[in-house]
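Spelled out, the chains give:
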Amino acid sequence: MRRINLKKANVARADTIRYINRQIVLNYIREKEPISRAEISHETALQRSTVSLIVDELKTRGLIYEVEGESTGGRPPTLLRLRAAGCMAIGIDIGTAQTTVAIADLVGRVIERDVFDTDPDVTTTFRRLTSSVQKYIDSNINIEGIGVSVPGLVSPETGAALFIPHFKWRNWALAVELSEATGLPVTVDNDANAAALAELWLGRPEIRDVRDFILVLVHEGLGTGIIFDGQVYQGVAGAAGEFGHMTIGKGAPVVCAAGSEECWEAFASERAALARYRQRRSGVADSDLSFGRLIDKAFAKDDAAREALVETAHYLGLGISNLTKGLSPEAVILAGDIARAWPLIADELRSTLAVNTICSDLVSAPVFASTLGEDTRLMGALSLVLARKFASVVPA
Ligand SMILES: [Zn+2]
């Protein structure tokens, strides 16, 4: 029989709390620098001693430094600032259309980026991205590691891309191959998980105090990242968060990556919205129309485009209402290009959620657009490096 090791569970819990507190303190310094230890303590309700310990750790890791503030009579206060040019990270977002390789500091400020079309041939794509990475390695010291976001299933243990539906890539030992090619530590995760992590580490004040949330990433497909207690919930073998394939109804406008017409993805992905637009335009619409262009058209008062987005938002709302009924998160974040259409879809989303509730007295979790804009997945890749750096505790 399996027994719960309480001692081990307590240690894990203490580590988790330290990890979360580091996220909070680092986020405050990033947003409000220069800031004093006392101000951080006051604003976060963390104890002064806890803040001091974390600040010492961040200083040791070269992420922040002290400056002298202006005196208001007595001794000038010591303020904390981020060290922008200190540690660097490489983020790689492998998308179904394009791949972005970027070098950034550890708070997500991108210094340089390369963007190229993702080649359906995995070897070609790998060659392109390693040559970009090598260029950054040659011109920068202090690179902490590489984070990679991929549109598919990833093994959390080995960092292998187990299955990328769009390209039918299977069992790609991505972390091992990239680490061997570059000599740097590599962390790989599913795009929605990585995007959720980015909201936690690099997101803006709206979610600063939220530690349990679901991120819904809408793109060619549809994925979800679940954050519980400030950490990504991976499930067994990293397969958690595949809500894109929960059954929503029959007769979706497109089939999902797994070939079904009943999945949430088939009703609420970018492809679903584009198909609705084409139906309304009865074949006269440009078959190469991108989702970004569809949003532009909707903002430019193209009724068919706007209706296609609103109908898609209705199905997004249905899926989100199912998730919130089951998981009761503090918030739901909508990410991907769809976040740009927020002013057009927010009303439909909210009203769908209001109708599909267990009881009207139950306050439903707030839903809002990603705070990271179009770079959510790239920020996700960078956050993987950040999270790895802070998952371990500096020995005293
Ligand atoms: Zn499916």
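Since this is a predicted model, take the numbers as computed values, not measurements. Every residue gets a number counted from 1 within its own chain, in the order that chain's sequence is written. Totals for whole chains, interfaces and linings use every residue, but because this is a predicted model, local features are given only for residues with pLDDT of at least 70 and side-chain atom pairs only at 80 or more, for both listing and counting. As a rule here, side-chain values cover all heavy atoms of the structure and leave hydrogens and water aside.

Asks: Is there a simple way to explain the coordination of the zinc ion in this structure?
Replies: Angles between donor atoms at a metal ideally measure 109.5 degrees for a four-coordinate tetrahedral arrangement and either 90 or 180 degrees for a six-coordinate octahedral one. In this analysis a donor is any N, O or S atom within 2.8 Å of a metal ion (3.2 Å for sodium, potassium and calcium), and since water is not included, sites may seem incomplete. Taken together, the protein ligands of the zinc ion are His245 (ND1), Cys256 (SG) and Cys263 (SG), with distances of 2.0 to 2.3 Å. Ordering the donors of the zinc ion by residue number gives the pattern H-x10-C-x6-C. Residue His245 is found in the loop between strand S14 (231–232) and helix H7 (264–268), and its partner Cys256 is found in the loop between S14 and H7; the two are separated by 11 residues along the sequence. Burial status follows relative accessibility: with a 1.4 Å probe on protein chains alone, a residue under 20% of its type maximum counts as buried, one over 50% as exposed, and anything between as partly exposed. Judged by its relative accessible area of 31%, His245 is partly exposed. Of the residues examined, Cys256 reaches a relative accessible area of 4% and is grouped as buried. Think of it this way: any DSSP run of H or I at least four residues long counts as a helix, any run of E at least two long counts as a strand, and we number them from the N terminus.

Asks: Even after reading the chapter, I still don't get the pairing of strand S5 (residues 98–105), so can you show me in this structure?
Replies: The two faces of a sheet get side chains in turn, since along a regular strand they alternate between them. When you tally the buried positions in S5, you get 7 out of 8 residues, the bulk of the element. In the sheet, strand S4 (residues 88–94) pairs with S5 via 7 bridges, with the strands oriented antiparallel. From the neighbouring strand, Asp93 faces S5, where its bridge partner is Thr100. Two elements, S5 and strand S6 (residues 110–117), share 7 bridges in a ladder whose sense is antiparallel. Counterpart to Thr99 in the pairing with S6 is Phe116. Counted between consecutive antiparallel strands, the loop separating S5 from S6 contains 4 residues, among which Gly108 sits at a positive phi close to 85 degrees. When DSSP finds two or more bridges between two strands, those strands count as paired.

Asks: Even after reading the chapter, I still don't get the sheet that holds strand S3 (residues 78–82), so can you show me in this structure?
Replies: Spatially, S1-S3-S2 is the arrangement adopted by the 3 strands of the open sheet, whose pairing is antiparallel. Among the strands making up the open sheet, the edge pair consists of strand S1 (35–36) and strand S2 (64–68). In this structure, S1 lies alongside S3, joined through 2 bridges in antiparallel fashion. Residue pairing across strands places Ile35 opposite Leu80, the latter belonging to S3.

Asks: Sorry, what's going on with the pattern of salt bridges here?
Replies: Any two side chains of opposite charge can pair, on the condition that their charged atoms come close. The term salt bridge refers to a side-chain nitrogen of Lys or Arg lying within 4 Å of a carboxyl oxygen of Asp or Glu. Summed over all chains, the structure comprises 19 salt bridges. Glu66 is paired through a salt bridge with Lys59; the nearest N and O atoms lie 3.3 Å apart. Each member of the salt-bridge network shares a partner with another, and the members are Arg276, Arg280, Glu307 and Glu311.

Asks: What exactly am I supposed to notice about the sheet that holds strand S7 (residues 143–150) here?
Replies: Hydrogen bonds between backbone atoms are what pair the strands of a sheet, whose relative direction is either parallel or antiparallel. The 5 strands lie next to each other as S6-S5-S4-S7-S11, forming an open sheet whose pairing is mixed. Each edge of the sheet is formed by a strand with only one pairing partner; in this case those strands are S6 and strand S11 (186–190). Taking the axes of each pair of neighbouring strands and ignoring which way they run, one obtains an average angle of 15 degrees across the sheet. In what follows, a contact means two residues having at least one pair of non-hydrogen atoms within 4.5 Å. Think of each axis as a best-fit line through the C-alpha atoms, taken over the contacting stretch in the case of a helix, with angles from 0 to 180 degrees between the N-to-C directions. Contacts from helix H4 (residues 122–139) reach S4, S5, S6 and S7 within the one sheet, and its direction differs from that of S6 by about 160 degrees.

Asks: What is the right way to read unusual backbone geometry from this model?
Replies: Of all residues except glycine, most have a negative phi; of all peptide bonds, most are trans. A cis geometry characterises the amide bond from Glu33 onward to Pro34, with omega recorded as -5 degrees. As for its placement among the helices and strands, Pro34 is situated in the loop between helix H1 (6–32) and S1. Its identity is not glycine, yet Asn171 carries a phi of approximately 45 degrees, on the positive side. Residue Asn171 is classed as exposed on the basis of its relative accessible area, which comes to 60%. Backbone geometry at Asp229 places phi at a positive 55 degrees, although glycine is not the residue there.

Asks: What is the right way to look at the nonpolar core in this model?
Replies: Looking at soluble globular proteins, one finds that nonpolar side chains tend to be buried together. The nonpolar core is taken to be a set of buried Ala, Val, Leu, Ile, Met, Phe, Trp, Tyr and Cys residues, with the residues joined through side-chain atoms within 4.5 Å. Counting 93 residues, the largest nonpolar core has Val216 and Leu316 as the members making the most contacts within it. The contact partners of Val216, leaving out residues within four places of it in the chain, are Leu222, Gly223, Thr224, Trp264, Leu316, Ile320, Val332, Ile333, Leu334 and Ala335. With 27 residues, the next largest nonpolar core counts Met88, Phe116, Leu129 and Val150 among its residues.

Asks: How should helix H11 (residues 342–355) be read in this particular structure?
Replies: For an α-helix the count is 3.6 residues per turn, leaving residues at separations of three or four pointing the same way. Look at H11: 19 Å from first C-alpha to last across 14 residues, which is about the 20 Å you get at 1.5 Å a residue. Within the sequence span of H11, burial applies to Trp342, Ile345, Ala346, Leu349, Thr352 and Leu353. Buried positions in H11, seen along its axis, are confined to an arc of 145 degrees and lie on one side of it. Exposed residues pointing more than 90 degrees away from the buried face of H11 are listed as Pro343, Asp347, Ala354 and Val355. Expected helix span is computed as 1.5 Å times (number of residues minus one). Here the arc refers to the set of directions running from the helix axis out to each C-beta atom.

Asks: Explain the packing of helix H9 (residues 291–299) against helix H10 (residues 303–327) to me, please; I cannot follow it from the model alone.
Replies: Axis angle and axis distance: for two packed helices, these are the angle between their axes and the distance between the axes, and together they describe the pair. For the pair H9 and H10, the least separation of the axes is 7 Å and the interaxial angle reads 115 degrees. One finds that H9 runs roughly perpendicular with respect to H10. The handedness of the crossing between H9 and H10 comes out as left-handed. Where H9 approaches H10, its residues Phe291, Leu294, Ile295, Lys297 and Ala298 are matched on the opposing element by Ala305, Arg306 and Leu309. Should an angle fall under 35 degrees it is called roughly parallel, over 145 degrees roughly antiparallel, and 65 to 115 degrees roughly perpendicular, with every other angle called oblique. Crossings are classed by handedness, with left-handed meaning an anticlockwise turn of the near helix from the far one by less than a right angle and right-handed meaning a clockwise turn.

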